[in-house]
Amino acid sequence: MQSLTRLIYGPSKEERVRHVQQRLRQEQRALDREVRQIDQAVAKVKVDIKRLARKGDTANARILASEVVRSNKHKLRLITSKAQLNSIALQLQQQLSMYKVTGHLQKSTEIMKLSQNLIQIPQMTSAMRDMGAELMKAGILEEMMHDALDASALGEDAAEIDEAAQDEVNRVLYELTDGKLGEAEAAPAHAPLEGNASQESEAGTESLEQMQKALQGLLQG
């Protein structure tokens, strides 16, 4: 009889909630992996910043330091997102505990608020849309979430890095170069080199661009 009911009406409300709980765990693991990837990429970039500083290539060192700052901010957003996913999971577990007693699931404005925040994170948009639909059918969310992306949730653009994060860029440079660059920096970038040194500079620029692309790929999800 239960199988027939499920065939006709689909999963029960409890089953839908448990499915969302499973998906929440998967998404938290995915965020953990992305954080590790960012850490690994940033570690490599920091090594290259030190190399550029030794060569006196202030301009490219600053470019990479900006990417480090951007990556750190993105990593913080991912960590915050994981905490919000965990909060939703805990509240759903409380709902299931009450369901066993009362036979009812309650609408949750807190889960709605957290879900609305998460759906604006590019890595989470698709997953939160799917989970939101399941929670609607379970009666926990009142309506489908609006998935228009807020630009402020997607990270800062280059202009914002230039205007609002130069102190942080300077701090990163200062720490990584033992004070040679950064907070007290005033030295211009080296002029283009000639001969073999010029070829080495071109190779370094190509490596710089590859690292920038790798980091930006992680930030875009």
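Quantities reported herein were computed from a predicted structural model and do not represent experimental measurements.

Notes on the overall build of the chain
Summing up its helical and strand segments, the chain has eight helices and zero strands in all. Among the 221 residues that make up the chain, the fraction classed as buried is 39%. Taking all contacts inside the chain whose residues are at least 6 apart in sequence as the whole, residues at least 24 apart take part in 77%. Total accessible area computed for the chain in this model is approximately 13100 Å², and 50% of it derives from carbon and sulfur atoms.

Let's talk about the packing of helix 2 (residues 13-55) against helix 5 (residues 125-138)
Interaxial distance between helix 2 and helix 5 falls to 8 Å at its minimum, and their mutual angle equals 160 degrees. The orientation of helix 2 relative to helix 5 falls into the category roughly antiparallel. Helix 2 and helix 5 meet at a crossing whose hand is left-handed. Between helix 2 and helix 5, the residues in contact are Lys 13, Arg 16, Val 17, His 19, Val 20, Arg 23, Leu 24 and Glu 27 and Ala 127, Asp 130, Met 131, Glu 134, Leu 135, Lys 137 and Ala 138, respectively.

A look at the pattern of salt bridges
The final tally for this structure, using the stated rule, is ten salt bridges. Between Glu 67 and Arg 70 there is a salt bridge whose closest N-O contact spans 3.7 Å. Placement of both Glu 67 and Arg 70 in helix 3 (residues 58-102) is noted, with a separation of three residues, approximately one turn of the helix. With relative accessibility at 15%, the residue Arg 70 sits in the buried group. It is possible to trace a salt-bridge network through shared partners that takes in Arg 23, Glu 27 and Asp 130.

Focus: the environment of Gln 84
Among the secondary structure elements, Gln 84 is positioned in helix 3. Sequence spacing of Gln 84 and Gln 28 is 56 residues, and the spatial spacing of their C-alpha atoms is 9.7 Å. With sequence-adjacent residues up to four places away left out, Gln 84 is seen in contact with Leu 114, Asn 117 and Leu 118.

Topic: the UniProt feature "coiled-coil region" (unreviewed entry) in the chain
The feature "coiled-coil region" (unreviewed entry), as annotated in UniProt, sits at residues 17-44 in this numbering. Within the segment residues 17-44, helix and strand shares are 100% and 0% respectively, and the terminal C-alpha atoms sit 41 Å apart.

Observations regarding the packing of helix 3 against helix 7 (residues 166-176)
Where helix 3 contacts helix 7, the axes come no closer than 9 Å and their chain directions differ by 110 degrees. In terms of their interaxial angle, helix 3 and helix 7 are classed as roughly perpendicular. Of the two possible hands of crossing, helix 3 and helix 7 adopt the one that is right-handed. Contact residues: Ala 61, Arg 62, Ala 65, Ser 66, Val 68 and Val 69 in helix 3; Gln 166, Glu 168, Val 169, Asn 170, Val 172 and Leu 173 in helix 7. Taken together, the residues of the contact of helix 3 with helix 7 sort by class into seven nonpolar, three polar and two charged.

Focus: the nonpolar core
Counting residues in hydrophobic clusters, the biggest one holds 42 residues, and the most contacted among them are Leu 24, Ile 49, Ile 88, Leu 92 and Met 128. For this core, the secondary-structure elements that each account for two or more residues are helix 2, helix 3, helix 4 (109-118), helix 5 and helix 7. Each residue touching Leu 24, except ones within four places of it in the same chain, is listed here: Leu 85, Ile 88, Ala 89, Leu 92 and Met 131.

What to know about helix 2
Given 3.6 residues per helical turn, the α-helix brings residues three or four places apart onto the same face. Here helix 2 spans 63 Å end to end across 43 residues, near enough to the 63 Å set by a 1.5 Å rise per residue. Positive backbone phi, at 80 degrees, marks Gly 56, one or two positions downstream of helix 2.

Observations regarding the environment of Val 69
Among the structural elements, Val 69 can be located in helix 3. The class of Val 69 is buried, set by a relative accessible area of 3%. Along the backbone, Val 69 and Val 42 are 27 residues apart, and their C-alpha atoms lie at a distance of 9.5 Å.

Cut-offs applied
- Residues numbered from 1 in each chain as written.
- Predicted model: local features only at pLDDT ≥ 70, side-chain atom pairs only at ≥ 80, totals over all residues.
- Heavy atoms only, no water.
- Helix = DSSP H or I, 4+ residues; strand = E, 2+ residues; numbered from the N terminus.
- Buried < 20%, exposed > 50% of the residue type's maximum accessible area, 1.4 Å probe, protein only.
- Contact = heavy atoms within 4.5 Å.
- Areas by Shrake-Rupley, 256 points an atom, 1.4 Å probe, with all protein chains shown as cover.
- Axes fitted to C-alpha atoms, helices over the stretch in contact; angles between N-to-C directions.
- Parallel < 35°, antiparallel > 145°, perpendicular 65-115°, else oblique.
- Left-handed = near helix turned anticlockwise from the far one by under 90°.
- Salt bridge = Lys/Arg side-chain N within 4 Å of Asp/Glu carboxyl O.
- UniProt positions renumbered as here; feature names shortened; annotations may be inferred.
- Nonpolar A, V, L, I, M, F, W, Y, C, P; charged D, E, K, R; others polar.
- Core = buried A, V, L, I, M, F, W, Y, C linked by side-chain atoms within 4.5 Å.
- Expected span 1.5 Å × (residues − 1).

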